[in-house]
Amino acid sequence: MRPMMERMRAYVLFAVWGGLLAILGPFCIALTALTRIPEFVTIPTMCTIRLGLLLAGVRYSIEGRDRVDPRKTYVYVSNHQSTLDPPMIWLALGSPRHRIGYLFKSQVEKVPLLATGAKTIGMIAVDRSNRDQAVESVRRATESLKRGQSFGVFAEGTRTRTGELLPLKKGAFHMAIGAGVPIVPVTIDGAFEAMPPGTVRLRSVPIRIVIHHPIPTISMTEADVDSLLEQTRAIMAAELEKS
């Protein structure tokens, strides 16, 4: 009985997200394209994410919002445990008028509606299999940071398959140092247990999103990338060890 309920909860979540995306997406994207007002996409997306989580019974909490100023610019570096992570992180950070951007996998471009919506609100595709294109994506994101667009990066580069924290890639740290903006470590805990990669089951497990204190980069250079990466990873690892 329990596996059936877990599958049903996952179906409800994806049906709400996918259904509302298909219904509202074209209209909202067109409005934003015509008016250049991103709230026509961001606010309906926020409502859709919240509704899906509510109806599917996802239990989550957000800690540390008071540690960051949503009007300022940051690079949020998070671990990656589940399919749930990107929408939940996007919902947790920023404000309706100051949403974060993402570097998203180029495979998402195979879903034209989703890719168009993402690009409309300032998100950037990255092809990690092509080094030159990946470097260009990081450069574009750095320029967006300089213009005041915060970014979220899942620095492991992929979802963990074991629940353990993976090594972090350096792109996010180059971005932060290049733009002179703080790194904010973000730890997701419980999402792996709620919906492990490769499954279509949504377990009733509480999920914690912890926003840590910003790490200034203003006086750092490229020579500091490795130490900044290790400092960020240590903060995330210590938080995961508490559970």
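Residues numbered from 1 in each chain as written. Predicted model: local features only at pLDDT ≥ 70, side-chain atom pairs only at ≥ 80, totals over all residues. Heavy atoms only, no water.

With that settled, the discussion passes to the confidence of the model for the protein. In this model, the protein carries an average pLDDT of 89, and 95% of its residues clear a pLDDT of 70 or more. The secondary structure element of the protein with the lowest average pLDDT is helix H4 (residues 112–120), at 71, and the one with the highest is strand E6 (residues 183–189), at 98. (pLDDT = per-residue confidence, 0-100. Helix = DSSP H or I, 4+ residues; strand = E, 2+ residues; numbered from the N terminus.)

Side chains of Met4, Met8, Tyr11, Phe14 and Val200 sit close together on the surface and give an oily, nonpolar patch of about 470 Å² of accessible area. Topologically, Tyr11 is positioned in helix H1 (residues 2–35). The exposure class of Tyr11 is partly exposed, given its relative accessible area of 46%. (Patch = residues over 30% accessible without salt bridge, like charges linked within 9 Å, V, L, I, M, F, W, Y side chains within 5 Å. Areas by Shrake-Rupley, 256 points an atom, 1.4 Å probe, with all protein chains shown as cover. Salt bridge = Lys/Arg side-chain N within 4 Å of Asp/Glu carboxyl O. Buried < 20%, exposed > 50% of the residue type's maximum accessible area, 1.4 Å probe, protein only.)

On to the state of the cysteines, then. A full pass over the atoms with the stated rule returns zero disulfides. Just so you know, Cys28 is unpaired, no disulfide at all, and the nearest cysteine sulfur is the one on Cys47, 10.0 Å from it. (Disulfide = S-S within 2.5 Å.)

The next thing to look at is the packing of H1 against helix H2 (residues 39–55). Where H1 meets H2, the axes come as close as 8 Å, and the angle between the chain directions of the two elements is 175 degrees. Overall, the two elements H1 and H2 adopt an arrangement that is roughly antiparallel. Residues Val12, Leu13, Val16, Trp17, Leu20, Cys28, Ile29, Leu31, Thr32 and Thr35 of H1 form the contact with H2, whose own contacting residues are Phe40, Val41, Pro44, Thr48, Ile49, Leu51, Gly52, Leu53 and Leu55. Its residues assigned to classes, the contact of H1 with H2 comprises 15 nonpolar, four polar and no charged. (Axes fitted to C-alpha atoms, helices over the stretch in contact; angles between N-to-C directions. Parallel < 35°, antiparallel > 145°, perpendicular 65-115°, else oblique. Contact = heavy atoms within 4.5 Å. Nonpolar A, V, L, I, M, F, W, Y, C, P; charged D, E, K, R; others polar.)

What follows concerns the sheet that holds strand E5 (residues 151–154). Taking strand neighbours across the sheet as the criterion, the seven strands line up as E1-E7-E6-E2-E5-E3-E4 in an open arrangement whose pairing is mixed. The strands lining the two open edges of the sheet, one partner per strand, are strand E1 (60–63) and strand E4 (124–126). This sheet shows a mean twist of 25 degrees between the axes of neighbouring strands, independent of strand direction. Bridge count for strand E2 (residues 75–78) against E6 is four bridges, and the pairing is parallel. Residue Val77 lies in a different strand from E6, and its bridge partner there is Pro185. (Pairing = 2+ DSSP bridges.)

Of all hydrophobic cores here, the largest spans 36 residues; its most connected members are Leu53, Tyr76, Leu84, Ile89, Leu202 and Ile207. At the level of secondary structure, the elements contributing two or more residues to this core comprise H1, H2, helix H3 (85–92), strand E3 (101–105), E6, helix H7 (191–194) and strand E7 (207–211). The dominant element in this core, judged by the number of residues it contributes, is H3, at five residues. Residues contacting Leu53, with those up to four places away along its chain left out, are Leu13, Trp17, Val58, Tyr60, Met88 and Leu91. With 28 residues, the next largest nonpolar core counts Leu145, Val153, Ala155 and Phe173 among its residues. (Core = buried A, V, L, I, M, F, W, Y, C linked by side-chain atoms within 4.5 Å.)

Right, let's get into the pattern of salt bridges. Close approach of charged atoms allows side chains with opposite charge to pair. Tallied over the entire structure, the rule returns nine salt bridges. A salt bridge links Arg71 to Asp69; the nearest nitrogen and oxygen atoms lie 3.1 Å apart. Across the pair Glu136 and Arg139 runs a salt bridge, and its minimum N-O distance is 2.7 Å. Taken together, the residues span about one helical turn, with Glu136 and Arg139 both in helix H5 (residues 131–146) at a distance of three residues. Here the salt bridges share partners, and the residues they tie into one network are Glu63, Asp189, Arg208, Glu239 and Lys242.

The next subject is the environment of Leu240. Within the secondary structure, Leu240 is located in helix H8 (residues 225–241). Accessibility expressed as a relative area gives 15% for Leu240, which makes it buried. In sequence terms Leu240 and Glu164 are 76 residues apart; their C-alpha atoms lie 8.9 Å from each other. Excluding residues within four positions of it along the chain, Leu240 makes contact with Asn79, Gln81, Leu165, Thr187, Ile188 and Asp189.

Time to look at H2. With 17 residues, H2 extends 24 Å from end C-alpha to end C-alpha; this agrees with the ideal 24 Å at 1.5 Å per step. Where H2 is concerned, the buried positions are Glu39, Val41, Thr42, Met46, Thr48, Ile49, Gly52 and Leu53. Looking one or two places after H2, you find Gly57, whose phi comes out positive at around 75 degrees. (Expected span 1.5 Å × (residues − 1).)

Turning to the side chain of His212, a few remarks are in order. Within the element layout of this structure, His212 appears in the loop between E7 and H8. The class of His212 is buried, set by a relative accessible area of 8%. Polar contacts involving the side chain of His212 include one to the side chain of Thr187, which spans 2.8 Å. Beyond its immediate chain neighbours, meaning those up to four positions away, His212 contacts Arg67, Val184, Pro185, Val186, Thr187, Ile235 and Glu239. (Polar contact = N/O pair within 3.5 Å; in protein donor to acceptor, adjacent residues only side chain to side chain.)

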